[in-house]
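Chains, contacts and geometry: an overview
This is what each chain is made of:
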Amino acid sequence: MDKPEKAYLKSFGTEQVVKYPLDQIRYRSDDGRLLEVVNPMRKLSEDNVADLKQLFDMRQFSRNPVDRSGVWRFREFLSAFAPYDNIITMREGNTPIYTMPVCAAYSGMKELFVKHQGFNPTGSFKDNGMTTAVTMAKKLGARMVACASTGNTSASMAAYAARSRMKSIVFIPEGQIAYGKLSQALDYGSLTIQISGDFDKAMQVVQDVCKRGRIYLLNSINPFRIEGQKTIMIEMLHQLDWKVPDWVVVPGGNLGNSSSFGKAFAELKACGFITKVPRIAIIQAEGANPLYSGFASKERVLKPVSAQTRATAIKIGNPVSFDKALYAVDSTEGLVEQVSETEIAIAKSRIGADGIGSEPASATTVAGVKKLVEKGFMHSREKIICILTGHLLKDPDYTVDFHKDELYADAKRTSSVSGGSKIDTGDYSNKPVQLPADVDKLLDYIDEHAHSSI
Ligand code: F0G
């Protein structure tokens, strides 16, 4: 590719192009819309595309950490960050794609694939966007960064801020984030503020705090987060040798991730890397479903809800990137679906049964595929990639509660303890047992209960 033209910011979803320079700290346009980075993409010749593909291949074997990063390897799509010096990277990305036979059988597919973003440095997909946003924060001279979070954004921001010697401040809904994530923010040295109220309240507060200046906002309303997150799809296509799957399935919360996927496909197509785009299916929890409702309605506007789900990562009722996510779905002829607490819990156990595991929010994807196959929107022979957004160990309480058959939808804290609405785990739970330390009795028990299926 020749030297790219300069990138700029513009307001999203309007014909009127008001350009804002990259070095102006702002999170919305003058008319209050979301901002997006415009990467001037020209249509490339076939030879240029082939050269770039080869360059991406070669960079995997480079000793330069910037090349080895699964985000910065694709920097020709990240022109906002040129000339790519002082990059804060932890070799994020590089996440595997797995075949999932148990999940395929469960969801009615011949084959099913996952790309597991939980294999990132801090255990979630947030690292893809955080490396770019923190790099930009540093470039802009920020000393303090902040975010509201259901847990993973805060863990990721805390790590990248620590690596770049910036102070980080996280606003989390009190008692509503999983301990794996909270422990990360604490260990990486974030000033951790628990707000009474939910994520949506924390999101509003952090925006008000950052508006006063001094502290740079790193939620996905920040367009530089979206840029890095885009590379999840670029890397996925690279791994698939640029053969486009039929569907990409992704959980929907604050909707930054799904928005970035739509942007990735639009840019890849504009410059001639791909000729068709995968359809994006965004899956929400029934109790936190504003995109599902908005997509299904005639007006297609955001009507915030008071969110309720044990998949705490996506317990979000007023998503910031609603408009961008709608674009991602519409521009790819995609779909939005919702799944129940029971559907999430059981799908998660099937991801575990494939030897992979994920956090609950990620399991909406497999639950969503099953539902969309049953409804006839997806077909058993299509190629479908589910994006598992977070690692199993982010929220171990949920998994243990499930297998002990003690998972409550309305638990007071993230761990069940008690509640009025128990989630039916059917035959899928795998209860731990207590036995005396007596070899004969142990072997009797094992003979009776453990049958190898291999
Ligand atoms: N899956 C996981 C594991 C998440 O942590 C999130 C969001 C999502 C899915 C939804 O992604 O917001 O881009 O639609 N977590 C944010 C956080 C909100 O604060 O960690 P989204």
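From a predicted model like this one, the values you see are computed outputs, not experimental measurements.

**Comments concerning the overall build of the protein**
Of regular secondary structure, the protein possesses 15 helices and 13 strands. In terms of C-alpha radius of gyration, the protein reaches 22 Å, essentially the compact-globule figure of 22 Å for 454 residues. Expressed as lengths along the three principal axes of its C-alpha atoms, the size of the protein is roughly 75 × 50 × 50 Å. Looking at the protein as a whole, 57% of its 454 residues are labelled buried. Considering only intrachain contacts with a sequence separation of at least 6, the fraction spanning at least 24 residues in the protein is 69%. Accessible surface for the protein amounts to roughly 19600 Å². Of this, 49% is attributable to carbon and sulfur atoms. Here the protein carries 57 positive and 52 negative side-chain charges, and the mean point of each set is 6 Å from the other.

**Quick look at the nonpolar core**
V145, F171, V206, Y216, L218 and F224 are the most contacted members of the largest nonpolar core, which has 52 residues in total. Mapped by element, the contributors of at least two residues to this core are strand 3 (35-38), helix 4 (126-139), strand 6 (144-148), helix 5 (152-163), strand 7 (167-173), helix 6 (179-187), helix 7 (199-211) and strand 9 (215-217).

**Focus on the site of the ligand**
Around the ligand, the surrounding shell holds 20 residues, and the nearest of these are S149, G253, N254, L255 and T389. In this structure, L255 approaches the ligand through a main-chain N or O atom, which is 2.7 Å from an oxygen atom. Take N257: an N or O atom from its main chain is 2.8 Å from an oxygen atom of the ligand. Starting from 470 Å² of accessible surface for the ligand in isolation, the protein chains cover 99%. At the level of secondary structure, the elements contributing two or more residues to the shell around the ligand comprise helix 5 and helix 9 (256-270). A class-by-class count of the residues in the shell around the ligand yields seven nonpolar, 11 polar and two charged.

**Some remarks on a nonpolar patch on the surface**
A cluster of nonpolar residues, V433, L435, V439, L442, L443 and I446, forms a patch on the protein surface that exposes about 500 Å² of accessible area. Summarising the element assignment, L443 is placed in helix 15 (residues 439-449). The exposure class of L443 is partly exposed, given its relative accessible area of 44%.

**Some points on the pattern of salt bridges**
Using the criterion set out here, one finds 20 salt bridges in the structure. Across the pair K211 and D208 runs a salt bridge whose closest N-O atoms are separated by 3.5 Å. Of this pair, K211 and D208 both sit in helix 7, three residues apart, which is roughly one turn of that helix. Among the charged side chains, a network of salt bridges with common partners joins R59, D67, R75 and E76.

**As for the sheet that holds strand 7**
For sheets, the rule is that strands pair by backbone hydrogen bonds, running either parallel or antiparallel. Strand order in the open sheet made by the four strands is 8-7-6-9, with parallel pairing throughout. This sheet does not close on itself; its edge strands, each paired only once, are strand 8 (191-195) and strand 9. Strand-to-strand twist across the sheet, computed as the mean angle between neighbouring axes with direction ignored, equals 25°. Taken together, the five bridges between strand 6 and strand 7 define a ladder with parallel strand orientation. Bridging across to strand 7, C147 finds its partner in V170.

**Quick word on the packing of aromatic side chains**
If you walk through the whole model with that rule in mind, you get 12 aromatic pairs. With a centroid separation of 6.1 Å and 80° between ring planes, the pair formed by F12 and Y327 is classed as edge-to-face. Residue F12 is found in the loop between strand 1 (8-11) and strand 2 (19-20), and its partner Y327 is found in helix 11 (residues 322-331); the two are separated by 315 residues along the sequence. Since its relative accessible area comes to 13%, F12 is described here as buried. Judged by relative accessible area, which is 38%, Y327 ranks as partly exposed. Here the aromatic residues F56, F74, F77, W242 and F273 are joined through ring pairs into a cluster of three or more. The positively charged end of K19 is found above the aromatic ring belonging to Y8, 4.4 Å away from the centroid. One Lys or Arg, K370, reaches over the ring of Y106 and ends 4.8 Å from the middle of that ring.

The rules behind each value
Residues numbered from 1 in each chain as written. Predicted model: local features only at pLDDT ≥ 70, side-chain atom pairs only at ≥ 80, totals over all residues. Heavy atoms only, no water. Helix = DSSP H or I, 4+ residues; strand = E, 2+ residues; numbered from the N terminus. Rg over C-alpha atoms; globule rule 2.2 N^0.38 Å. Buried < 20%, exposed > 50% of the residue type's maximum accessible area, 1.4 Å probe, protein only. Contact = heavy atoms within 4.5 Å. Areas by Shrake-Rupley, 256 points an atom, 1.4 Å probe, with all protein chains shown as cover. Lys, Arg positive; Asp, Glu negative; His and termini not counted. Charge placed at Lys NZ, Arg CZ, Asp CG, Glu CD. Core = buried A, V, L, I, M, F, W, Y, C linked by side-chain atoms within 4.5 Å. Near = heavy atom within 4 Å. Polar contact = N/O pair within 3.5 Å; in protein donor to acceptor, adjacent residues only side chain to side chain. Nonpolar A, V, L, I, M, F, W, Y, C, P; charged D, E, K, R; others polar. Patch = residues over 30% accessible without salt bridge, like charges linked within 9 Å, V, L, I, M, F, W, Y side chains within 5 Å. Salt bridge = Lys/Arg side-chain N within 4 Å of Asp/Glu carboxyl O. Pairing = 2+ DSSP bridges. Axes fitted to C-alpha atoms, helices over the stretch in contact; angles between N-to-C directions. Phe/Tyr/Trp six-rings, centres within 6.5 Å; stacked < 30°, edge-to-face > 60°. Lys NZ or Arg CZ within 6 Å of the ring centre and 35° of its normal.

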